[in-house]
Amino acid sequence: MARAPGRIEFIGNHTDYNGGTVLGASIDRAVWVALARRADGLRRFRSDRSDEMVEQPAAHPRKLFGPASWVNYPLGVLAALPEFKLRAPAGFDYLAASDLPIGAGLSSSAAIELASGLVFLGAAGEDPPRDTLVTLCRHAENHFVGVPSGILDQGVSGFGLKDHLVFIDCRGPRFDTVPLPAGAHFWIFNTHTKHALVDGLYAERHRECMEAACLLGVKLLADVSPAELALVAQALAAADPAFAGGGGSPPAVVNTAGGTPALPQATLLKRARHVIEEIARVDAAVIALRAGDLTEVGRLLTASHRSSQLLFENSTPELDFLVDTLASQPHVFGARLTGGGFGGAVMALTDGTFGEAQAGVVAASYGKKFGILPDILHTRTANGAELK
Ligand code: GLA
């Protein structure tokens, strides 16, 4: 049996696949997977969320659609094992159970991948280093499930440590931990809203970032500093008044070789600015955390949200409302959307005085505006994924 926690994206929004840095926390909500070997080579999957049993022969994991598509997470891990030169168990009965809210931006998908990876490796008698497990699970997400996500979710679930944040330099990737100052609390407000095109929009932002890197002449946006970006933006504005917002002619566009429509340079530079400045905010947050300066950490969190809202445009009116409401409350250091965006949840960093009553006031004012109450979760940090 294995347990793998969900995660909070603390700060570092869409920095991971751009080669940047990010901070996350593994939390006290998790996915558990239990596995029993079978001699007949059949693989049977069940979860506590449905009565349906999914069966597949061991030969070739096949991608599923519809209500059983949650099984793609363990199937993707099984498919990745041989690619990483690791053995996979043949037949088994598999059961997943979870107290992690799904669709709340807490990465139940990475948790199920990590817990599955640990039981499969355990059953096959394999024990690779932790970063191999984490990379393998990301590979499953990218190549089997088909989402071009970075290493954040799997890295935090895999390397989490109670009372710490996980720091990832995504280019290595290199994993480290940073102590969380005493008295810091996390509150999650889950809006239950999800943009219908959320996966498509994530992939679109990914593509825009790659195009922005190309425009700036680098491989990844992490290769550009905020000062270098400001110089490029100045030069482009001088060459093209439309770019600077002067109007008159249509904005400059980037020539793309493929069939996708070319994007305005101004849009690409907004995406780039979010990512490049966000990486600087992550690095500043590490310094502030080490100094125990939660006021400064909170300021950086809210600044991160504003950048998502205005530059990366992956926020929603619901998330913005929660951040505005929370940021004006006493005992709240800062608040921001957590995860990919386009719906999902807001995380607030508070002191120990912030409690259920105050969270309830925030939820009630949200309810008054949107006609539905958000779910509230007071989470703590917990250790990363482990075989039980
Ligand atoms: C999702 C992805 C992560 C990361 C975040 C945005 O959670 O799975 O890899 O890109 O969005 O920071």
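Residues numbered from 1 in each chain as written. Predicted model: local features only at pLDDT ≥ 70, side-chain atom pairs only at ≥ 80, totals over all residues. Heavy atoms only, no water.

## Focus on the layout of surface pockets
In this structure, the second largest pocket spans a volume of roughly 160 Å³. Lining of the second largest pocket is provided by 13 residues; of these, Asp163, Leu180, Ala184, Arg380 and Thr381 occupy positions nearest its centre. Every element with two or more residues in the lining of the second largest pocket is listed here: β8 (185–194) and β11 (375–379). A breakdown of the residues in the lining of the second largest pocket according to their chemical character gives five nonpolar, five polar and three charged. (1 Å grid on protein atoms, 1.4 Å probe; cavity = no way out; pocket = protein on both sides within 12 Å on 5 of 7 lines; lining within 4 Å. Points joined across faces, edges and corners; volume = space filled by probe spheres on them. Helix = DSSP H or I, 4+ residues; strand = E, 2+ residues; numbered from the N terminus. Nonpolar A, V, L, I, M, F, W, Y, C, P; charged D, E, K, R; others polar.)

## A look at unusual backbone geometry
Following Gly172, the chain continues into Pro173 via a peptide bond in cis, with omega recorded as -5°. Looking at the element boundaries, Pro173 is found in the loop between β6 (164–169) and β7 (174–179). At Lys85, a position not held by glycine, the phi torsion is positive, near 60°. Positive phi, close to 55°, is recorded for Glu313, a residue that is not glycine. Summarising the element assignment, Glu313 is placed in the loop between α8 (294–312) and α9 (317–327). According to the relative accessible area criterion, Glu313 is partly exposed, its value standing at 35%. (Buried < 20%, exposed > 50% of the residue type's maximum accessible area, 1.4 Å probe, protein only.)

## Structural notes on the pattern of salt bridges
The full count for this structure, using the stated rule, is 21 salt bridges. Measuring nitrogen to oxygen at the nearest pair gives 2.7 Å for the salt bridge that ties Glu9 to Arg336. Of this pair, Glu9 sits in strand β1 (residues 2–11) while Arg336 is found in strand β9 (residues 332–338), placing the two residues 327 residues apart along the sequence. By relative accessible area, Glu9 is classed as buried at 3%. Among the ionic pairs, Lys270 bridges to Glu313, the shortest N-O distance being 3.3 Å. Placement of the pair is Lys270 in helix α7 (residues 265–290) and Glu313 in the loop between α8 and α9, with a sequence separation of 43 residues. Each of Glu204, Arg205, Glu208, Lys270, Arg271 and Glu313 takes part in a single network of salt bridges with overlapping partners. (Salt bridge = Lys/Arg side-chain N within 4 Å of Asp/Glu carboxyl O.)

## So, the site of the ligand
Close to the ligand lie 13 residues, the nearest being Glu9, His14, Asp16, Asp153 and Tyr202. Between Asp153 and the ligand, the recorded distance is 2.5 Å, taken from a side-chain N or O atom to an oxygen atom. (Near = heavy atom within 4 Å. Polar contact = N/O pair within 3.5 Å; in protein donor to acceptor, adjacent residues only side chain to side chain.)

## Side note on the confidence of the model for the chain
When pLDDT is averaged along the chain, the result is 92, and 93% of the positions lie at 70 or above. In this model residues 245–251 is a low-confidence stretch, pLDDT under 50, and it forms eight contacts with partners more than four residues away in sequence or in other chains. Scored below 50 in pLDDT, residues 253–259 makes twelve contacts in the model with residues more than four places away or belonging to other chains. (pLDDT = per-residue confidence, 0-100. Contact = heavy atoms within 4.5 Å.)

## As for the nonpolar core
Within the largest apolar cluster, 71 residues are counted, with the highest numbers of intra-cluster contacts made by Phe10, Leu23, Phe45, Tyr94 and Phe186. Of the residues that make up this core, three or more belong to each of domain 1 (2–179) and domain 2 (185–379). Beyond its immediate chain neighbours, meaning those up to four positions away, Phe10 contacts Leu23, Gly24, Leu165, Phe186, Leu289, Val297, Leu301, Arg336, Met347 and Leu349. Counting 19 residues, the second-largest nonpolar core is a separate cluster that includes Val147, Leu221, Ala272 and Val275. (Core = buried A, V, L, I, M, F, W, Y, C linked by side-chain atoms within 4.5 Å. Domains from an automatic or database assignment.)

## Some points on the environment of Thr21
Note on placement: Thr21 falls in strand β2 (residues 21–38). Taking C-alpha positions, Thr21 is 32 Å from Lys63, a pair spaced 42 residues apart along the chain. Setting aside chain neighbours within four positions, we find Thr21 in contact with Gly12, Thr15, Phe167, Ile168, Asp169, Ile279, Val282 and Asp283. Within the local environment of Thr21, its side chain forms a polar contact with the side chain of Asp283, the two groups lying 3.1 Å apart.

## Quick notes on α8
In an α-helix, one full turn covers 3.6 residues, which means residues spaced three or four apart are oriented alike. Compared with an ideal rise of 1.5 Å per residue, which puts 19 residues at 27 Å, α8 spans 25 Å between its outermost C-alpha atoms and is within 8% of the ideal. Taken together, the buried positions of α8 are occupied by Leu294, Val297, Gly298, Leu300, Leu301, Thr302, Ser304, His305, Ser307, Ser308, Leu311 and Phe312. Among the residues trailing α8, Glu313 stands out with phi positive, at a value near 55°. (Expected span 1.5 Å × (residues − 1).)

## So, the domain arrangement of the chain
As far as domains go, the chain holds domain 1 (2–179) and domain 2 (185–379). Between domain 1 and domain 2, the C-alpha centre-to-centre distance is 26 Å. Contact residues are listed per partner, giving 36 residues for domain 1 and 42 residues for domain 2. Summing the contributions of domain 1 and of domain 2, the shared interface buries around 3000 Å²; its carbon and sulfur component is 66%. Between the two partners, domain 1 and domain 2, sit two salt bridges. (Buried area = accessible area lost by both parts, 1.4 Å probe.)

## A short note on the sheet that holds β11
If you walk across this open sheet you meet the four strands as β9-β10-β8-β11, and the pairing is antiparallel. Strands with a single pairing partner mark the edges of an open sheet, and in this sheet they are β9 and β11. Adjacent strand axes in the sheet meet at a mean angle of 20°, parallel and antiparallel pairs treated alike. As paired strands, β8 and strand β10 (residues 343–350) are joined by seven bridges and run antiparallel to one another. Bridge assignment links Asn190 to a residue of β10, and that residue is Ala345. With respect to the sheet, α8 is in contact with β9 and β10, its orientation differing from that of β9 by roughly 35°. Running at roughly 10° to β10, α9 makes contact with β8, β9 and β10 of the sheet. (Pairing = 2+ DSSP bridges. Axes fitted to C-alpha atoms, helices over the stretch in contact; angles between N-to-C directions.)

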